[in-house]
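# Remarks on the overall topology
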Amino acid sequence: MYHSLSTPMHVSACGEGAPVLFLHGMPTSGRLWDAVIARLCSQYRCITVDLPGLGRSPRAPHSLGDLRTIADQLDQIRRRQGIERWHVVGHDAGAVIAVHYAQFYSGRVDHLALLAPALFPELKPYFLIEPLRKPVVGELLAPVIRTLFWKIAMQRALEEVEDGRSLARDFYAPFAGPAGAMAFLRLVRWGQPQRLLADVPAILPRLAMPALLFHGAADPVIPAEFAQRALRLMPNASLLTLECGHFIPLCQPAAVATELGRFFAA
């Protein structure tokens, strides 16, 4: 584990070769990438983090909405790993963090890959999440909605994934028990999309590095228009649509690993 000046993030690394940073979304962890990395680590040095408050990282004194702080922490990890430049890959909210890291540290990003990119302020939160954003109501409903979210949304999304039950337990661990309901509440309040993502459309045209976008054809969370819009805005981007839902690295790991390998080598 590498400790930043403010909040530690759990870091895992394997393999040799050109370095790749993998950023997960919410409410998952670095294990989101296990099956992809298993296919890439013979050629690449694969580095995953558990974002603050998720996976094996401790709870954070700030929110994930503090994107500059997260970007600075990631660059501290880069320096401590002795890396000059790396490829950066992000899924869901991890794509938002990847975009902001690429904005603040563009000289350190070789290639940028964004899967199910939750990039635009028109993003609609999952229907169970919206009540948690309301003061008092959210605190009262947090234990019930946390349980419903995992039983309805997460378990359904992971039921056909290899090792899905183990992954579900791992992803759920930071939100278990009475304190976990409040941790889940803080997570879903990490930022209103209208505010948090307001500047992303202006950032994307400034990202000149090669970019690869992945969209799941059956994604119930991220509309296809988000990927198409990012494609139009980014000057050096291409788009792949895969037959899967939102958790692209879990349901199509072989295709993701193959396409990332081609992209990085191009």
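An unreviewed UniProt entry lists the chain under the name Alpha/beta hydrolase, from Silvibacterium dinghuense.

## A short note on the environment of V96
Inspection of the secondary structure puts V96 in helix α3 (residues 93–104). On a C-alpha basis, the gap between V96 and L197 in space is 8.0 Å, while along the polypeptide they are 101 residues apart. When sequence neighbours within four positions are dropped, the list of residues in contact with V96 reads L67, A118, L119 and L197.

## Considerations on the side chain of H111
Topologically, H111 is positioned in strand β5 (residues 109–115). Reaching out from H111, the side chain makes a polar contact with the side chain of H87 at a distance of 3.3 Å. Ignoring any residue separated from it by four or fewer positions in sequence, one finds H111 in contact with W86, H87, V88, P210, F263, F264 and A266.

## Side note on the nonpolar core
Grouped together as the largest cluster of nonpolar side chains are 93 residues, with contacts concentrated most on F22, L74, L112, L119 and L260. When residues in this core are grouped by element, the largest group, 8 residues, is from α3. Other than its neighbours up to four places away in sequence, L260 contacts F22, V36, L40, V89, A113 and F214.

## Description of the sheet that holds strand β3 (residues 44–50)
Taken in spatial order, the 7 strands make up an open sheet running β1-β3-β2-β4-β5-β6-β7, and their pairing is mixed. Edge strands, defined here as strands with exactly one partner in the open sheet, are β1 (10–14) and β7 (237–242). Between one strand axis and the next, the sheet turns by 20° as a mean value, whatever way the strands run. Bridge count between strand β4 (residues 86–91) and β5: 5 bridges; the pairing is parallel. Paired with G90 across the bridge in β5 is L114.

## Remarks on the layout of surface pockets
As a volume, the largest pocket reaches approximately 890 Å³. Together, 38 residues line the largest pocket, and M26, F149, V221, H246 and F247 are the ones closest to its centre. When residues of the lining of the largest pocket are traced back to their parent elements, those giving at least two are α3, α4 (137–158), α6 (177–188), α7 (193–196) and α10 (248–251). If one sorts the elements of the lining of the largest pocket by residue count, α4 sits on top with 6 residues. The class makeup of the residues in the lining of the largest pocket is 29 nonpolar, 3 polar and 6 charged.

## Some remarks on the side chain of D219
Here D219 is to be found in the loop between β6 (211–216) and α9 (224–233). One polar contact links the side chain of D219 to the main-chain amide nitrogen of V221, over a distance of 2.7 Å. When sequence neighbours within four positions are dropped, the list of residues in contact with D219 reads A116, C244, G245 and H246.

## So, the pattern of salt bridges
Note on pairing: side chains with opposite charge can pair once their charged atoms come close. As enumerated under the stated definition, the model contains 11 salt bridges in all. Ionic pairing is found between R56 and D50, a salt bridge with its closest N-O pair at 3.4 Å. As a salt-bridge pair, R79 and D75 come within 3.1 Å of each other at their nearest N and O atoms. Taken together, the positions of R79 and D75, both in helix α2 (residues 67–80) and 4 residues apart, correspond to about one turn of that helix. Each of R31, D34 and D170 takes part in a single network of salt bridges with overlapping partners.

Cut-offs applied
Residues numbered from 1 in each chain as written. Predicted model: local features only at pLDDT ≥ 70, side-chain atom pairs only at ≥ 80, totals over all residues. Heavy atoms only, no water. Helix = DSSP H or I, 4+ residues; strand = E, 2+ residues; numbered from the N terminus. Contact = heavy atoms within 4.5 Å. Polar contact = N/O pair within 3.5 Å; in protein donor to acceptor, adjacent residues only side chain to side chain. Core = buried A, V, L, I, M, F, W, Y, C linked by side-chain atoms within 4.5 Å. Buried < 20%, exposed > 50% of the residue type's maximum accessible area, 1.4 Å probe, protein only. Pairing = 2+ DSSP bridges. Axes fitted to C-alpha atoms, helices over the stretch in contact; angles between N-to-C directions. 1 Å grid on protein atoms, 1.4 Å probe; cavity = no way out; pocket = protein on both sides within 12 Å on 5 of 7 lines; lining within 4 Å. Points joined across faces, edges and corners; volume = space filled by probe spheres on them. Nonpolar A, V, L, I, M, F, W, Y, C, P; charged D, E, K, R; others polar. Salt bridge = Lys/Arg side-chain N within 4 Å of Asp/Glu carboxyl O.

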